[in-house]
Amino acid sequence: MATAELDRDPSKAITAIRDARPPATDRFTYLTIVESNLSPEVLPTLNEVLQDAGLTQEIGWDLVYNLVSLPGSSSCLETIARLGNPREVILKVLETLELLGEEEGYEADDEAETTKEKKEGGVTKTEKFITLMGMLAILHGRIKTKYPSRFLAQTLQTVLGAYEAGSEEMTAAVINLVHSLSGKRARPPLPSRKSSVNVANLDARGDRGKNAPDPEADDGKEGEAKTEDPDETELQQKLLLSFATCVLERYANENDLAWAGRLVEFYEPERTVPGRRTLMGAFREEEGLLAKDGIVGNLVALIGDLGLRSCSRTFLKHVCEGPLHENPLAGSEDFESASQVKLSTGGAVCLVAYWVFSSTVFDADHPQPEMNIFPDHYAVLDKFLQDDAHAQIQQSPGTVEALVTIGLWLHANKFVSANPNTPLTNPTTSPEDPTSDFMRYIHLVTLIALFHPKLHVRNAASTLAGQVLHSDPSDDDRLKVLYDLLENCTFASLKARAITWLREELIAAFTAKLHQTTAFSTPQALETVQYVVFPNLDFLVEDTNLEEVVEYLVTNAPFLMQAVNLGLFLWSSPEKWKAVLPANMDATVRQRWFEPLLESIERVQKESKSSDVELGPLEGELAVLKGRLEDLAAKEGFTGGKGV
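Just so we're clear, the structure is a prediction, and the values are computed from it rather than from any experiment.

The rules behind each value
Residues numbered from 1 in each chain as written. Predicted model: local features only at pLDDT ≥ 70, side-chain atom pairs only at ≥ 80, totals over all residues. Heavy atoms only, no water. Salt bridge = Lys/Arg side-chain N within 4 Å of Asp/Glu carboxyl O. Helix = DSSP H or I, 4+ residues; strand = E, 2+ residues; numbered from the N terminus. Buried < 20%, exposed > 50% of the residue type's maximum accessible area, 1.4 Å probe, protein only. Core = buried A, V, L, I, M, F, W, Y, C linked by side-chain atoms within 4.5 Å. Contact = heavy atoms within 4.5 Å. Expected span 1.5 Å × (residues − 1). pLDDT = per-residue confidence, 0-100. Patch = residues over 30% accessible without salt bridge, like charges linked within 9 Å, V, L, I, M, F, W, Y side chains within 5 Å. Areas by Shrake-Rupley, 256 points an atom, 1.4 Å probe, with all protein chains shown as cover. Lys, Arg positive; Asp, Glu negative; His and termini not counted. Charge placed at Lys NZ, Arg CZ, Asp CG, Glu CD. Phe/Tyr/Trp six-rings, centres within 6.5 Å; stacked < 30°, edge-to-face > 60°. Lys NZ or Arg CZ within 6 Å of the ring centre and 35° of its normal.

Further remarks concern the pattern of salt bridges. Tallying each qualifying case throughout the model produces 14 salt bridges. Between E95 and K92 there is a salt bridge; the shortest N-O distance is 3.5 Å. A residue pair is termed a helical-turn pair when its members lie 3 or 4 positions apart in one helix, as E95 and K92 do in helix α7 (residues 86-101) at three residues. With relative accessibility at 39%, the residue E95 sits in the partly exposed group.

Pasting the structure below:
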């Protein structure tokens, strides 16, 4: 952009802009004069000149890109949006948005970057975006054409490309835009929803009566168009709804909304650590987190205003059974009917998750889905994670958290199976068969527990997997799933979790032993899994070099710790658990597992001091593990109290 030099006299630039306007010069010459004299000081004069609608229709569109980066230019840009040729101006606005989306080196929430822009007299990327959203709202209201959906589709795709979901201000501007385009003014925030995110809206602050007519109206009369086809109106509304679901998914994926973590805290408050601030507390107290809740609430309200207020079977069929629509607006400029427009599948999942989360935690009045974990939740989970679970979890953490949130709610409300009295495995498969829906579901949820970037989501996914496992009415199925995880899973943290689930099954069976006998109330369970929970570790002390021993301990530390914890659990109260302990299990575990493990730990601790092997965090973990092994050795039920 050509700008005035710091030492240039602004009065000369103002005089040039005022005196050179047509007919003193032709419009091309005048445009050059304006661009070469642009500075914040000349903007009031330029805005006066732009009140000439004829001149603005000729040159206004060509000023958009230069003006949007100039502080204080919003009034000029509003005038251009109201008086310029709307079709030409909208194309320039979209072109500017595309260039804005390519700008690098900016983070939406980076206050240091914003402060730097301000100090240097510049305009932040967010401010440019907000101004352009206001212009689009005005321009779409002015275009009179038989098929406005074609302009709308192009606009929505371009806005989505430039939108940065990490910015509350950009999100608020997008919400304002959709309200304007839908003909529904933004509703005031609910009294209980604390959100301080408010942004300027050129469309709302101005007088629409000052808008110039569309000089290219389809029927040849300026400012008028033929009566709009009802199908065209429906198409536009569906485009806006699809766009809103895309924005919701983008916002959920970019911001940590902690739906799953907060839902776990709500359902199981006894698991919270006294004195440690909970997620629920953080979202009640921190202004930034309150703003995030407010933004999501406004997005969901917007979706409701656009017509999606109920959780119908048709909607749920789209979510659970329909194809995965990741970019539903692609090619939408060629759509001819609303039926061609699909919603973002991830956005729809986030919507359902918010409905169940807010109705539970906030006691809000939202629809509740009529679905079960099997087959509905499993179907949508499998759809999202079937190809490359790790990549999908990393790329769409918010959508994946939404899936966990829905699962937690379904389990808490006992919507586990459409056939609650039958085993959760397929009738034609065994639970350890990879084709078993039950085994596949546990596998998918445990992948979330392993790969999700947020700890509270990993914990929530682990909780959900355990809950669903325990929900299968067949104790044989549950035992087979646990064995499969312990035998075949390559991730130590998930094997550790399987041991936790095993302990929970033993406790549940002990509590219910007066009413029924199961695999977990007899030695059957531990007989089945003892050799995968406490595997033979003789190889660690049989001609194994130090590096290999260290590698094994590093890889399996979480699993080993849970195994020794299970040993302490069982042999601290051998009389209590004698009904489930197989004969001579203590001697077998001592010989095969306990003794070689303790010996290998002591070897690593001793030899690493005189070798080049770096233990790092493992050093502390080994100290804890050794201490727990020594505690186990001191138990009367395990070694007769003889110790190590």
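Turning to the nonpolar core, a few remarks are in order. Formed by 200 residues in total, the largest nonpolar core has its most connected members in L67, L97, F129, M135, F315, L553 and W593. If we ignore the near neighbours within four places in the chain, the residues touching L553 are L560, L597, I601, V604, L618 and L622.

Take helix α21 (residues 397-412) next. Between its first and last C-alpha atoms α21 spans 22 Å; for 16 residues at 1.5 Å apiece the expected length is 22 Å, and the two agree. For α21, a buried count of 14 out of 16 residues is recorded, marking the element as mostly surrounded by other parts of the structure.

Put simply, P22 and P23 share a cis peptide bond, and its omega is 10 degrees. Position of P23 among the secondary structure elements: in the loop between α1 (10-19) and α2 (27-36). Cis geometry is adopted by the peptide bond preceding P375, which originates at F374 and carries an omega value of 10 degrees. Topologically, P375 is positioned in the loop between α18 (345-361) and α19 (376-385). Despite not being glycine, A258 has its phi angle at roughly 55 degrees, a positive value.

Model confidence for the chain is summarised by a mean pLDDT of 89, while 88% of its residues fall at 70 or above. Counted against residues more than four places away or in other chains, residues 1-7, with its pLDDT under 50, gives eight contacts. Contacts for the low-pLDDT stretch residues 189-193, under 50 throughout, to residues beyond four places or in other chains number four contacts.

Before going further, it helps to spend a moment on a negative patch on the surface. Together, E547, E548, E551, D612 and E614 line one region of the surface with negative charge. In this fold, E548 is placed in helix α27 (residues 546-571). With relative accessibility at 43%, the residue E548 sits in the partly exposed group.

Another point: the packing of aromatic side chains. A complete count under the given rule lists 18 aromatic pairs for this structure. Between the aromatic rings of W259 and F357, the centroid separation amounts to 6.4 Å while the plane-to-plane angle is 35 degrees, which identifies the pairing as tilted. Remark: F357 occurs in helix α18 and W259 occurs in helix α14 (residues 259-267); sequence separation between them is 98 residues. In this pair, the class of W259 matches that of F357, namely buried. The ring of Y147 has R150 sitting right over it, with the charged end atom 4.4 Å from the ring centre.

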